Amino acid sequence: MNPQAKLIFTSSLVLGTTITISSNHWITAWAGLEINTLAILPLIAKSHHPRAIEAATKYFLTQATASALLLFSAMMNAWHTGQWDITQLTHPTACLILTSALAMKLGLVPFHFWFPEVLQGSPLTTALLLSTLMKFPPITLLFMTSPSLNPTLLTYMAILSTALGGWMGLNQTQIRKILAFSSISHLGWMAIIISYNPKLTLLNFYLYSLITATVFLILNTMKTSKLSTLMTTWAKTPALSSMLLLTLLSLAGLPPFTGFLPKWLIIQELTKQSMAPAATAISLLSLLSLFFYLRLAYCATITLPPHTTNHMKQWHTTKPTHPTIAILTTTSTMLLPISPLILTTV
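Residues numbered from 1 in each chain as written. Predicted model: local features only at pLDDT ≥ 70, side-chain atom pairs only at ≥ 80, totals over all residues. Heavy atoms only, no water.

Student: Report on the overall build of the protein, specifying residues and quantitative values.
Tutor: Looking only at helices and strands, the protein has 17 helices and zero strands in total. Each principal axis of the C-alpha distribution contributes one length, and for the protein these read about 75 × 50 × 35 Å. Here the protein, with 346 residues, has 52% of them falling under the buried criterion. Counted over contacts in the protein with a minimum sequence separation of 6, partners at least 24 positions apart contribute 77%. Surface accessibility of the protein: about 15200 Å² in total, with carbon and sulfur atoms responsible for 70%. (Helix = DSSP H or I, 4+ residues; strand = E, 2+ residues; numbered from the N terminus. Buried < 20%, exposed > 50% of the residue type's maximum accessible area, 1.4 Å probe, protein only. Contact = heavy atoms within 4.5 Å. Areas by Shrake-Rupley, 256 points an atom, 1.4 Å probe, with all protein chains shown as cover.)

As structure tokens, then:
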């Protein structure tokens with residue numbers, strides 16, 4: 001892609017996100033979401049492969065539908081209350097339609113079907129943007145409207161998202177699809193707590209984005225998108241494969257790593273809200289996604305490709321690893337000891 005065009009699209013992404021997260025009026029929030037959608041489409045379809053064009057079309061249709069629903073809910077609320085302010089969403093039907101619109105924007109169950117297909121058709125760098133930056137504006141709108149939303153509905157959607165995200169990721173061989181179902185599963189953790197402690201949702205999103213960015217950048221450096229090619233990476237890039245192992249364990253939420261922090265706090269908050277059954281259900285269902293994280297880690301580090309000839313292995317990559325990956329890996333795995341400091345800033 002032309003560097004000038006890429007600069008324009010990237011700037012538009014930043015602009016659209018900034019407009020949405022800083023707006024108080026529904027129309028400006030909607031305009032920011034539209035700028036975001038139009039800016040990411042060329043980045044999805046830039047390879048001109050039929051799968052990429054299909055992914056861009058699916059993304060456009062779902063996002064346009066979600067934006068129309070969001071505008072409809074804002075208009076309905078304004079019709080009944082005379083308010084266009086985002087925080088003044090009080091009409092029950094408008095709240096229900098807005099929940100559906102934002103669930104469709106994010107890829108929450110039952111509006112999740114587009115997300116794995118779109119991620120599979122996108123390059124790894126664009127898939128990273130779709131998994132992190134593009135979810136920030138809808139999460140912000142959820143955060144701003146959280147007092148008005150129906151907590152029971154969000155709890156059911158969250159538990160279903162965690163269940164389906166883990167269950168449907170079990171038999172995948174494409175890494176981008178596995179990470180898409182991982183994203184759906186993590187969205188369940190964010191949605192279940194949004195009504196009770198919205199700041200925890202944002203903390204979960206920030207840490208999820210950090211860890212996912214690390215995974216995608218490592219995979220992009222390895223030029224790996226399938227499990228079969230991931231099995232051959234240890235011989236070429238042992239250091240990167242080790243980093244990937246630690247980051248995947250952190251994404252799974254295992255205790256010594258950063259990813260354990262949001263899950264621990266969410267379970268604690270749910271228990272305080274007398275929602276121990278929901279906390280138990282979502283914790284058990286996250287074991288499903290733990291299985292495919294462990295399978296990815298196993299393929300990356302423990303499996304060696306079969307070789308019959310006695311040749312020297314290529315132990316180093318042709319180009320040096322970017323320092324960003326080293327910094328991101330460190331933060332993705334070692335933030336748990338400073339969790340009291342993180343909690344004071346949230």
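This is not the end of the story, as more comes after the structure.
Student: Would you mind going over helix 3 (residues 50–81) in detail, with residue names and values included?
Tutor: Between the first and last C-alpha of helix 3 there are 46 Å, a value that for 32 residues agrees with the 46 Å anticipated at 1.5 Å per step. A positive backbone phi angle near 75 degrees is found at Gly82, which sits one or two residues after helix 3. (Expected span 1.5 Å × (residues − 1).)

Student: Please set out helix 7 (residues 136–145) residue by residue, giving values where relevant.
Tutor: With nine of its 10 residues buried, helix 7 lies for the most part within the structure. Three or more residues of helix 7 are buried, namely Phe136, Pro137, Pro138, Ile139, Thr140, Leu141, Leu142, Met144 and Thr145.

Student: So, the UniProt feature "transmembrane region" (unreviewed entry) in the protein: which residues are in play, and what are the values?
Tutor: UniProt records the feature "transmembrane region" (unreviewed entry) at residues 59–79, 91–115, 153–171, 178–196, 202–219, 240–261 and 281–304, using the numbering of this structure. Counting secondary structure, residues 153–171 comes out at 84% helix and 0% strand; the distance between its end C-alpha atoms is 29 Å. (UniProt positions renumbered as here; feature names shortened; annotations may be inferred.)

Student: Would you mind going over the UniProt feature "domain: NADH:quinone oxidoreductase/Mrp antiporter transmembrane" (unreviewed entry) in the protein in detail, with residue names and values included?
Tutor: Residues given the UniProt feature "domain: NADH:quinone oxidoreductase/Mrp antiporter transmembrane" (unreviewed entry) here are residues 23–288. Along residues 23–288 the backbone is 76% helical and 0% strand, and the end-to-end C-alpha distance reaches 38 Å.

Student: Now, about the nonpolar core: what can you tell me, with residues and values included?
Tutor: If you look at the biggest cluster of nonpolar residues, it comprises 98 residues, and the most contacted ones within it are Tyr59, Leu230 and Leu244. A domain split of this core shows at least three residues from each of domain 1 (1–143) and domain 2 (150–308 + 319–345). (Core = buried A, V, L, I, M, F, W, Y, C linked by side-chain atoms within 4.5 Å. Domains from an automatic or database assignment.)

Student: Which residues make up the pattern of salt bridges, and what values go with them?
Tutor: Inspection of the entire model under this criterion finds three salt bridges. One salt bridge connects Lys58 with Glu54, and the closest N-O pair in it is separated by 2.8 Å. In this pair, Lys58 and Glu54 both sit in helix 3, four residues apart, roughly one turn of the helix. With relative accessibility at 39%, the residue Glu54 sits in the partly exposed group. Note that Glu117 and Lys177 form a salt bridge whose closest N and O atoms lie 3.4 Å from each other. Of the two residues, Glu117 sits in helix 5 (residues 114–121) while Lys177 sits in helix 9 (residues 175–193), which places them 60 residues apart along the sequence. (Salt bridge = Lys/Arg side-chain N within 4 Å of Asp/Glu carboxyl O.)

Student: Please set out the environment of Leu7 residue by residue, giving values where relevant.
Tutor: Its location among the elements puts Leu7 in helix 1 (residues 3–21). C-alpha separation for the pair Leu7 and Phe260, spaced 253 residues apart in sequence, amounts to 36 Å.

Student: How would you summarise the side chain of Gln120 if you had to cite specific residues and measurements?
Tutor: Within the secondary structure, Gln120 is located in helix 5. Since its relative accessible area comes to 8%, Gln120 is described here as buried. In this structure Gln120 touches Arg51, Gln174, Arg176 and Lys177, once residues within four positions along its chain are discounted.

Student: Describe the packing of helix 8 (residues 151–168) against helix 9, and please don't skip the residues or the numbers.
Tutor: Orientation of helix 8 relative to helix 9, taken along the N-to-C sense of each, is 160 degrees, at an axis distance of 7 Å. As summarised for this structure, helix 8 and helix 9 are arranged roughly antiparallel, according to the angle between their axes. In this structure, helix 8 meets helix 9 at a crossing whose hand is left-handed. Contacts between helix 8 and helix 9 involve Leu154, Thr155, Ala158, Ile159, Ser161, Thr162, Leu164, Gly165, Gly166 and Met168 on the former and, on the latter, Phe181, Ile184, Ser185, Gly188, Trp189, Ala191 and Ile192. Partitioning the contact of helix 8 with helix 9 into residue classes produces 10 nonpolar, seven polar and no charged. (Axes fitted to C-alpha atoms, helices over the stretch in contact; angles between N-to-C directions. Parallel < 35°, antiparallel > 145°, perpendicular 65-115°, else oblique. Left-handed = near helix turned anticlockwise from the far one by under 90°. Nonpolar A, V, L, I, M, F, W, Y, C, P; charged D, E, K, R; others polar.)

Student: Tell me what's going on with the side chain of Thr329, and back it up with residues and numbers.
Tutor: Looking at the secondary structure, you find Thr329 in helix 16 (residues 323–334). With sequence-adjacent residues up to four places away left out, Thr329 is seen in contact with Thr214, Ile218, Met243 and Thr247.

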